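These are the residues of each chain, in order.
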Amino acid sequence: DIDDTLYSSGGRFPAGVDRRFPPHVVYPGVFSLYHVLDAKRSGEAPECNLVFLSARPHVYKDLAEGSSYKLFRRLLGEGRLHCMPTLLPGRLQVGLWTMLTLCCRGLRAWRSVGQEKASVFRRFRDLYREYDFVFIGDNGQGDFWAAPEMMAC
């Protein structure tokens, strides 16, 4: 996830709920955490082991993903990220269904987003079975529902 994990959403719906920091402020210590999780990285060959799993759907070209990659490029250029992350997007249909049913289903509406995130993760994991994964989520956009499904696979 990106909002409320890499940086604060500022509590702006539907991005996230964290109002402790202004929008788009990178969380203190997040890059140190990435460094610790990446302690075995050799640095000898180009590699990318940082993957963001997003509820934002892939739509025409990179309309939804463009702002995330712009941030990634900036953080990489500043030397705060060690590689260009991969972004695994959600699906438009799932996101629209969630938005349409949120008023009557409440937080349960995010379950389909969580299931989609878990499905995307399983497909990605199947490509890279030799690696271990650490999921850092928040309390929005289905991460609550996605985490148990990802743990079970």
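For the structure itself, look to the data block above.
Residues numbered from 1 in each chain as written. Predicted model: local features only at pLDDT ≥ 70, side-chain atom pairs only at ≥ 80, totals over all residues. Heavy atoms only, no water.

K.L.:
Any chance you could break down the overall build of the chain for me, citing the residues and the numbers?
P.N.:
For the chain, the count of helices and strands is five helices and two strands. For the chain, whose C-alpha radius of gyration is 16 Å, the value lies close to the compact-globule estimate of 15 Å for 153 residues. Dimensions of the chain, computed from the C-alpha atoms along their principal axes, are close to 50 × 35 × 30 Å. Once local pairs closer than 6 in sequence are excluded, the contacts in the chain between residues at least 24 apart make up 56%. Within the structure as shown, the chain displays about 9,500 Å² of accessible surface, and the carbon and sulfur contribution to it stands at 59%. Positive and negative side-chain charges in the chain, numbering 20 and 17 respectively, have mean positions lying 6 Å apart. (Helix = DSSP H or I, 4+ residues; strand = E, 2+ residues; numbered from the N terminus. Rg over C-alpha atoms; globule rule 2.2 N^0.38 Å. Contact = heavy atoms within 4.5 Å. Areas by Shrake-Rupley, 256 points an atom, 1.4 Å probe, with all protein chains shown as cover. Lys, Arg positive; Asp, Glu negative; His and termini not counted. Charge placed at Lys NZ, Arg CZ, Asp CG, Glu CD.)

K.L.:
Outline the environment of A152, supporting the account with residue identities and numerical values.
P.N.:
Residue placement: A152 occurs in helix α5 (residues 143-152). Separated by 34 residues in sequence, A152 and A118 place their C-alpha atoms 9.9 Å apart.

K.L.:
Would you mind going over the pattern of salt bridges in detail, with residue names and values included?
P.N.:
In total, this model carries nine salt bridges according to the counting rule given. A salt bridge links D18 to R20; the nearest nitrogen and oxygen atoms lie 2.9 Å apart. Here D143 makes a salt bridge to K117, at a shortest N to O gap of 2.5 Å. Within this pair, whereas D143 is found in helix α5, its partner K117 is found in helix α4 (residues 111-127), the two being separated by 26 residues in sequence. Take D143 and K117: they sit in the same class, and that class is buried. (Salt bridge = Lys/Arg side-chain N within 4 Å of Asp/Glu carboxyl O. Buried < 20%, exposed > 50% of the residue type's maximum accessible area, 1.4 Å probe, protein only.)

K.L.:
Mind laying out the packing of α4 against α5, listing which residues take part and the relevant values?
P.N.:
Contact pair α4 / α5: the axes reach a minimum separation of 7 Å and the direction vectors enclose 40°. In terms of axis orientation, α4 runs oblique to α5. The chirality of how α4 crosses α5 is right-handed. On α5, the residues that touch R111, G114, Q115, K117, A118, F121 and R122 of α4 are D143, W145, A146, E149 and M150. Tallied by class, the residues present in the contact of α4 with α5 amount to five nonpolar, two polar and five charged. (Axes fitted to C-alpha atoms, helices over the stretch in contact; angles between N-to-C directions. Parallel < 35°, antiparallel > 145°, perpendicular 65-115°, else oblique. Left-handed = near helix turned anticlockwise from the far one by under 90°. Nonpolar A, V, L, I, M, F, W, Y, C, P; charged D, E, K, R; others polar.)

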